[in-house]
Amino acid sequence: LMAAREKLYELLINCIPADVIIKTLALELTKNLDESLKHEVIEWAAFYEHRIAMGSKDIFHLEAFIAKYMAIYKRYLNEMFA
């Protein structure tokens, strides 16, 4: 998560809009994802994109989306191998 934060800061410093970042992240993260998880990831991406539009600290919402994705994926792996 810390490495992702550094990359996000770098993108934001280089004037990449947060909504573009979250859309690109969502598309790239769902490319190789199981069909059962795609809907949930896109739903959370939309949730955090809305928060970005309403809030002022984009980095918090971007980082929260990445943390949420990590939690979803970990849950999926635990269910799959448990």
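Everything discussed here concerns the structure shown above.
Description of the structure in this document. It should be emphasised that the depicted structure is a prediction, and the values quoted were computed from it without experimental measurement. (Residues numbered from 1 in each chain as written. Predicted model: local features only at pLDDT ≥ 70, side-chain atom pairs only at ≥ 80, totals over all residues. Heavy atoms only, no water.)

Some thoughts on unusual backbone geometry
Even without being a glycine, Cys15 presents a positive backbone phi close to 65°. Within the secondary structure, Cys15 sits in the loop between α1 (2–13) and α2 (18–31). Residue Cys15 is classed as exposed on the basis of its relative accessible area, which comes to 68%. (Helix = DSSP H or I, 4+ residues; strand = E, 2+ residues; numbered from the N terminus. Buried < 20%, exposed > 50% of the residue type's maximum accessible area, 1.4 Å probe, protein only.)

Considering the side chain of Thr30
By the element assignment, Thr30 lies in helix α2. Here the side chain of Thr30 touches Leu27 through a polar contact of 3.2 Å, landing on its backbone oxygen. For Thr30, the contacting residues outside a window of four places in its chain are Lys38, Val41 and Ile42. (Polar contact = N/O pair within 3.5 Å; in protein donor to acceptor, adjacent residues only side chain to side chain. Contact = heavy atoms within 4.5 Å.)

Brief notes about the environment of Met54
Relative to the assigned elements, Met54 resides in helix α3 (residues 35–54). Assessed through its relative accessible area of 63%, Met54 is described here as exposed. Residues Met54 and Glu28 lie 26 residues apart in sequence; the distance between their C-alpha atoms is 24 Å.

Considering the pattern of salt bridges
Overall, the coordinates contain 6 salt bridges when judged by the stated rule. The network of salt bridges with common partners includes Glu40, Arg75 and Glu79. (Salt bridge = Lys/Arg side-chain N within 4 Å of Asp/Glu carboxyl O.)

Let's talk about α1
Taking 1.5 Å of rise per residue, the 12 residues of α1 would be expected to cover 16 Å, and the 17 Å separating its terminal C-alpha atoms lies within 8% of that figure. Positive phi appears at Cys15, one or two residues downstream of α1, with a value of about 65°. (Expected span 1.5 Å × (residues − 1).)

Digging into α2
Helix length check: α2 (14 residues) gives 20 Å between terminal C-alpha atoms against 20 Å at 1.5 Å per residue, within 8%. Every buried residue of α2 is listed here: Ala18, Ile21, Ile22, Ala26 and Thr30. Angularly, the buried residues of α2 cover 145° about the axis, an arc narrow enough to put them on a single face. Relative to its buried face, α2 has exposed residues pointing more than 90 degrees away, namely Leu27 and Lys31. Tucked into the core, α2 has its buried residues touching α1, α3 and α4 (58–81). (Arc of directions from axis to C-beta.)

A look at the packing of aromatic side chains
For the structure on display, the rule yields 6 aromatic pairs. Among the aromatic residues, ring-to-ring pairing joins Trp44, Phe47, Tyr48 and Phe65 into one connected group. Over the ring of Trp44 we find Lys68, and its NZ or CZ is 4.2 Å from the ring centre. (Phe/Tyr/Trp six-rings, centres within 6.5 Å; stacked < 30°, edge-to-face > 60°. Lys NZ or Arg CZ within 6 Å of the ring centre and 35° of its normal.)

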